[in-house]
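Chain and residue survey
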Amino acid sequence: MMAVDVRAHAEELRQSGVPFVVATVVRAARPAPAKPGDRAVIHADGTIVGFVGGDCARASVRGQAMTALKRGEPILLRIVPEDVSDVAEHEGTVTTHNPCLSGGMLEIFLEPTPVRRRLAVFGSSPIATSVADLAAFLGYDVARDPGDFRDDWIPDAVVVASHGENEVTALTTAVRHGVAYIGLVASRRRGPEVLRAIDIDENERSRIQTPAGLDINAHEPPDVAVSIIAQIISMRNAGDASTARHEVAGTAIDPVCGMTVATVDATPHADVDGTRYWFCAVGCRDTFTASHSAPATA
């Protein structure tokens, strides 16, 4: 029944455009309470819906799920009770030490489902059409001339290729909504003139790419479209501009057991000497705070 509920929950998130990770237990050894086939959905804020083990196992799953979401790549997580300092890692596999398993072992497959990327294209020019067509082919959710953006539909990237028509309005809308990538199709001479007409500060103005696209000596509309989509991908992968509409929780190392845990409210944590520490479970937190003569805070 739990697996059916998890599948339904995952489908709801998928339809809502929310990023998540599906965790599936593929191998388990007693006394670990989970069994093969158990599943859970992990949200970008660290919330876990479903069952993949006890508190310590959930801490490992939550932490590695955040890594899988950020990388957009699946992870086979091996949770073992013994020391893993000399364990050779294989690509796509992470082995963690979990002292809570008391001799048990778990292997859990973490499959991330990132948000489908959104692109707004302004203009009816051949370049605008080529950008929209190429983005749709690559799986983007594309909107043509959407006007103002709805709260439930904020694009990750905006391309303005209207050759003078409503450029300032479109660019201002993109800046106001904090869109990660904003590109203006214009000549090297005209582009800066358009930007000076926008009532925004210099920092915001510098976020607008013009001429839009990587310099690949493109002239024909399809080639220009390739250069623009390539620039969007390049900036996203380089970390210059995040295209995630949902913030993914960070991770930290439990200072007691060395596990990777998510830095979310659900994770036990304590503030010691002005620094916040995160733990796999209350046992590690209490051990740490006792040795530092500080009370546990969450």
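This text follows the structure it describes.
Bear in mind the structure is a predicted one, so any value in this text is a computation, not a measurement.

Description of the nonpolar core
As a rule of thumb, nonpolar side chains are buried together in soluble globular proteins. Ranked by size, the top nonpolar core spans 25 residues in total, and within it Ile-42, Val-61, Leu-106, Ile-108 and Leu-110 carry the most contacts. Counting residues per element, the ones that place at least two in this core are strand E1 (20-29), strand E2 (39-43), helix H2 (55-71), strand E4 (75-80) and strand E6 (105-113). With six residues, the top contributor of residues to this core is H2. In this structure Ile-42 touches Phe-20, Val-21, Ala-23, Thr-47, Ile-48, Val-61, Ala-65 and Met-66, once residues within four positions along its chain are discounted.

Looking at the side chain of Thr-267
For Thr-267, the location among the structural elements is in the loop between strand E13 (260-262) and strand E14 (269-272). Given the relative accessible area of 2%, Thr-267 is considered buried. Here Thr-267 is in contact with Arg-62, Val-261, Ala-262, Trp-278 and Phe-279, once residues within four sequence places are set aside.

Brief notes about the environment of Asp-223
Relative to the assigned elements, Asp-223 resides in helix H7 (residues 221-238). Considering only alpha carbons, one finds Asp-223 and Ser-130, 93 residues apart in sequence, at a separation of 8.7 Å.

Topic: the sheet that holds E4
Across the sheet, six strands lie side by side as E3-E2-E1-E6-E4-E5; this open sheet has mixed pairing. Pairing within the sheet leaves two strands with one partner each, and these edge strands are strand E3 (48-50) and strand E5 (93-97). Geometrically, the sheet is characterised by an average inter-axis angle of 25° between neighbouring strands, direction not taken into account. Bridge count for E2 against E3 is three bridges, and the pairing is antiparallel. Residue pairing for E3: Ile-42 is matched across the bridge by Ile-48. Sheet strands in contact with H2 are E1, E2, E3, E4, E5 and E6, and its direction is about 155° off that of E4.

A few points about helix H3 (residues 126-137)
End to end, H3 covers 16 Å across 12 residues, agreeing with the expected 16 Å (1.5 Å per residue, within 8%). Turning to H3, its buried residues number three or more, namely Ile-127, Ala-128, Ser-130, Val-131, Ala-132 and Ala-135. Summarising the contacts, the buried residues of H3 are in contact with strand E7 (118-122), strand E8 (141-144), strand E9 (157-160) and H7. Just downstream of H3, Gly-139 is the residue with a positive phi angle, here 100°.

Structural notes on the packing of aromatic side chains
Here the structure, examined in full by the defined rule, presents three aromatic pairs. Here the aromatic rings of Phe-279 and Phe-288 are separated by 5.3 Å at their centres, their planes lie at 50°, and the arrangement is tilted. As far as the burial class goes, Phe-279 and Phe-288 line up, both buried. An aromatic cluster is defined as three or more aromatic residues linked by ring pairs; in this entry it consists of Tyr-277, Phe-279 and Phe-288.

Focus on the sheet that holds E8
Spatial ordering of the open sheet is given by E8-E7-E9-E10-E11, a layout of five strands whose pairing is parallel. Looking at the sheet topology across the chains shown, the edges are occupied by E8 and strand E11 (208-209). For E7 and E8, the ladder comprises four bridges, and the chain directions are parallel. Across the sheet, the residue bridging to Ala-120 is Ala-143, located in E8.

Describing the side chain of Gln-231
Tracing the sequence through the fold places Gln-231 in helix H7. The class for Gln-231 is buried, based on a relative accessible area of 9%. Of note is the side chain of Gln-231, whose polar atom sits 2.6 Å from the side chain of Tyr-181. In contact with Gln-231, not counting residues within four places along its chain, are Tyr-181, Gln-209, Ala-212, Gly-213 and Leu-214.

Concerning the packing of H3 against H7
In the contact formed by H3 and H7, the axes pass within 8 Å of each other and the chain directions differ by 55°. When the axes of H3 and H7 are compared, the pair comes out oblique. When the axes of H3 and H7 are compared, the crossing they make is right-handed. Contact residues: Pro-126, Ile-127, Ser-130, Val-131, Leu-134 and Ala-135 in H3; Pro-221, Pro-222, Val-224, Ala-225, Val-226, Ile-228 and Ile-229 in H7. Considered class by class, the residues forming the contact of H3 with H7 number 12 nonpolar, one polar and no charged.

Digging into the pairing of E1
Examined bridge by bridge, E1 and E2 share five bridges and lie antiparallel to one another. Residue pairing across strands places Val-21 opposite Ile-42, the latter belonging to E2. In this structure, E1 lies alongside E6, joined through nine bridges in antiparallel fashion. Counted as the bridge partner of Arg-27 is Glu-107 from E6.

About the cut-offs
- Residues numbered from 1 in each chain as written.
- Predicted model: local features only at pLDDT ≥ 70, side-chain atom pairs only at ≥ 80, totals over all residues.
- Heavy atoms only, no water.
- Core = buried A, V, L, I, M, F, W, Y, C linked by side-chain atoms within 4.5 Å.
- Buried < 20%, exposed > 50% of the residue type's maximum accessible area, 1.4 Å probe, protein only.
- Helix = DSSP H or I, 4+ residues; strand = E, 2+ residues; numbered from the N terminus.
- Contact = heavy atoms within 4.5 Å.
- Pairing = 2+ DSSP bridges.
- Axes fitted to C-alpha atoms, helices over the stretch in contact; angles between N-to-C directions.
- Expected span 1.5 Å × (residues − 1).
- Phe/Tyr/Trp six-rings, centres within 6.5 Å; stacked < 30°, edge-to-face > 60°.
- Polar contact = N/O pair within 3.5 Å; in protein donor to acceptor, adjacent residues only side chain to side chain.
- Parallel < 35°, antiparallel > 145°, perpendicular 65-115°, else oblique.
- Left-handed = near helix turned anticlockwise from the far one by under 90°.
- Nonpolar A, V, L, I, M, F, W, Y, C, P; charged D, E, K, R; others polar.

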